[in-house]
Amino acid sequence: MNELELKYGCNPNQKPAKIFMKDGGDLPIKILNGKPGFINLLDAFNSWQLVKELKEATGMVAAASFKHVSPAGAAIAVPLDDTLKKIYFVEGIELTEMATAYIRARGSDRMSSYGDFVALSDECDEQTASFLMREVSDGVIAPSYSAKALELLKSKRKGTYVVIQMDEDYVPAPQETKDVYGITFEQGRNNILVTEEMLQNLPTKVKEMPKEAKRDLLIALITLKYTQSNSVCYVKDGQAIGIGAGQQSRIHCTRLAGNKADIWFLRQNPKVLNLPFKEGIRRADRDNAIDVYISDDYEDVLGDGVWKNLFTEKPEPLTREEKKEWLKKMEGVALGSDAFFPFGDNIERAHRSGVAYIAQAGGSVRDDNVIETCDKYGIAMAMTGVRLFHH
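As the structure is a computational prediction, the values presented were derived from the model and not from experiment. (Residues numbered from 1 in each chain as written. Predicted model: local features only at pLDDT ≥ 70, side-chain atom pairs only at ≥ 80, totals over all residues. Heavy atoms only, no water.)

Novice: Before we move on, can you summarise the overall build of the protein with the specific residues and values?
Specialist: Per the secondary structure count, the protein includes 13 helices and 15 strands. Here the C-alpha atoms of the protein give a radius of gyration of 21 Å, agreeing with the 21 Å that 2.2 N^0.38 yields for 391 residues. Overall, the protein is about 60 × 55 × 40 Å in size when its C-alpha atoms are taken along their principal axes. Looking at the protein as a whole, 51% of its 391 residues are labelled buried. In the protein, the share of contacts with a sequence separation of at least 24, taken over all contacts with a separation of at least 6, comes to 58%. When the accessible surface of the protein is split by element, carbon and sulfur atoms take 50% of a total near 18,600 Å². Measuring between centres, the 50 positive side-chain charges of the protein sit 3 Å from its 56 negative side-chain charges. (Helix = DSSP H or I, 4+ residues; strand = E, 2+ residues; numbered from the N terminus. Rg over C-alpha atoms; globule rule 2.2 N^0.38 Å. Buried < 20%, exposed > 50% of the residue type's maximum accessible area, 1.4 Å probe, protein only. Contact = heavy atoms within 4.5 Å. Areas by Shrake-Rupley, 256 points an atom, 1.4 Å probe, with all protein chains shown as cover. Lys, Arg positive; Asp, Glu negative; His and termini not counted. Charge placed at Lys NZ, Arg CZ, Asp CG, Glu CD.)

Novice: Outline the nonpolar core, supporting the account with residue identities and numerical values.
Specialist: Judged by nonpolar contacts, the single largest core of 68 residues is most densely connected at Leu120, Val140, Leu153, Tyr234 and Ile358. When sequence neighbours within four positions are dropped, the list of residues in contact with Val140 reads Phe117, Val118, Leu120, Leu132, Tyr145, Leu153, Tyr161, Val162, Val163 and Ile164. If you look at the next biggest cluster of nonpolar residues, it comprises 51 residues, including Ala44, Leu218, Tyr357 and Ala359. (Core = buried A, V, L, I, M, F, W, Y, C linked by side-chain atoms within 4.5 Å.)

Novice: Hey, could you go over the pattern of salt bridges for me, with residue numbers and the actual values?
Specialist: Enumeration over the complete set of coordinates arrives at 21 salt bridges. Across the pair Glu56 and Lys52 runs a salt bridge whose closest N-O atoms are separated by 2.9 Å. One end of the pair is Glu56 and the other is Lys52, both in helix α1 (residues 38-58) and four residues apart, which spans about a single turn. Residue Lys55 is joined to Asp122 by a salt bridge in which the shortest nitrogen-to-oxygen separation is 2.9 Å. Taken together, the positions of Lys55 in helix α1 and Asp122 in the loop between β6 (116-120) and α4 (126-133) put the pair 67 residues apart, joining distant regions of the chain. A relative accessible area of 23% means that Asp122 is categorised as partly exposed. (Salt bridge = Lys/Arg side-chain N within 4 Å of Asp/Glu carboxyl O.)

Novice: Can you explain a negative patch on the surface? Please cite residues and give values.
Specialist: Side chains of Asp81, Asp82, Glu91, Glu212 and Asp237 sit close together on the surface and give a patch of like negative charge. Along the chain, the position of Glu91 falls in the loop between α2 (82-87) and α3 (97-107). (Patch = residues over 30% accessible without salt bridge, like charges linked within 9 Å, V, L, I, M, F, W, Y side chains within 5 Å.)

Novice: I'd like a rundown of a nonpolar patch on the surface, residues and numbers included.
Specialist: A cluster of nonpolar side chains, namely Val180, Tyr181, Ile183 and Phe185, defines an oily patch on the protein surface of about 490 Å² accessible area. Among the structural elements, Phe185 can be located in strand β10 (residues 183-188).

Novice: So what's going on with helix α9 (residues 283-294)? Which residues, and what values?
Specialist: Between its terminal C-alpha atoms α9 stretches 17 Å, which fits the 16 Å expected from twelve residues at 1.5 Å a residue. Buried residues along α9 sit in contact with α7 (250-266), α8 (270-273), α10 (299-302) and α11 (320-327). (Expected span 1.5 Å × (residues − 1).)

Novice: I'd love a proper account of the environment of Thr227, names of residues and values included.
Specialist: Along the chain, Thr227 falls in the loop between α6 (211-225) and β11 (231-236). Sequence separation between Thr227 and Ile93 is 134 residues; the distance between their C-alpha atoms is 32 Å. Among the polar contacts listed, one links the side chain of Thr227 to the backbone oxygen of Thr223, at a separation of 2.7 Å. (Polar contact = N/O pair within 3.5 Å; in protein donor to acceptor, adjacent residues only side chain to side chain.)

Novice: Quick rundown of unusual backbone geometry? Include the residues and the values.
Specialist: Going from Lys15 to Pro16, the amide bond is cis rather than trans, its omega being -5°. Here Pro16 lies in the loop between β1 (3-6) and β2 (17-20). Cis geometry is adopted by the peptide bond preceding Asn230, which originates at Ser229 and carries an omega value of -10°. Structurally, Asn230 can be placed in the loop between α6 and β11. Located in the positive-phi region is Tyr181, a residue other than glycine, with phi close to 60°. Along the chain, the position of Tyr181 falls in the loop between β9 (175-180) and β10. According to the relative accessible area criterion, Tyr181 is exposed, its value standing at 81%.

Novice: Could you give me a rundown of the packing of α3 against α4, with the residues and numbers involved?
Specialist: Two elements in contact, α3 and α4, have axes whose closest approach is 7 Å; the angle formed by their N-to-C orientations is 25°. With respect to each other, α3 and α4 are oriented roughly parallel. Note on packing geometry: the crossing formed by α3 with α4 is right-handed. Across from Met98, Ala99, Tyr102 and Ile103 in α3, the residues of α4 making contact are Gln127, Thr128, Phe131 and Leu132. (Axes fitted to C-alpha atoms, helices over the stretch in contact; angles between N-to-C directions. Parallel < 35°, antiparallel > 145°, perpendicular 65-115°, else oblique. Left-handed = near helix turned anticlockwise from the far one by under 90°.)

Novice: Let's hear about the packing of aromatic side chains: which residues, and what values?
Specialist: In total, this model carries two aromatic pairs according to the counting rule given. Each ring, one from Phe265 and one from Trp326, has its centre 5.4 Å from the other, and the planes form 25°; the classification is stacked. In this pair, Phe265 is assigned in helix α7 and Trp326 in helix α11, connecting sequence segments 61 residues apart. The class of Trp326 is buried, set by a relative accessible area of 15%. (Phe/Tyr/Trp six-rings, centres within 6.5 Å; stacked < 30°, edge-to-face > 60°.)

Shown next, in the form of structure tokens:
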């Protein structure tokens, strides 16, 4: 099959729509269930590249959660500690590597992952499929599926859940094209490999990076390679914890991603872990309530006549002072940027979210200010010399 007709393009008025192979060869995918849409396939192909490269760079099973052609989360299969198992709602469960990677990716930013498209670097096993079954998701792409996993996924969303099998041996053409306003653009594919060699130029006073930090920086950079630019990514223990995508200003990327990283860490605060939710609260409602509880708008879930809809008893608010003290415990975070940091204000913001390691392109006229700010906080920063814009 070298062509697949689609219901419509990005929007219902954009018809006709299809994907096809210009060289007449077969498409590298098989649709095992459902009918993917235009945006589903954009998410599928971008996320597949991301997890494929994460697996190649780290040697570990990888997963990604995509929304609107940018990752909401990405991760490798680093085992979960007890706290993470609790905030990801998998306490007391022995997890497979594939399930671990998926749960980490989904847990990066659960609000943004609502209705996502999932990519798995390796076979989707029954346990991973069972976790997919309980989440609101549009589809999944993987190189293969176990018989039990496929049986489960075919029953999701009343049988309409999109399941795509990707040919992992597929190699795209070295040149790629796209049309904008009737004009065809052509460029070489961004096939640069993100490796530890990119982390050798450290102009900061701190020049040592532990193995885990280098791994996390590679995860950040590979994630950014498939994130709408401008973009910044915070990573901790093998998973993205904050991704800021598509902002016109880099400091806005850094703030957006940093705020998401802060929320991820605040979810581990004992007050949040012990919120007394009522039985039967839907997963999405619970996730939204946690985010609101953590925010300055906590009265929206704790106000009179409101809290009883969610909790068995009224929780005490998490005060601004308590949040500030808790966030001081956040440390060892890695941060990647898809281009240079123009000013030290990005480093100031990153420091407040526990960033200790940075990888960025370098080349700003204010590199000296950025390096000086890193030295102020004892941050090790690598200048990669590589820009990773994605549009």
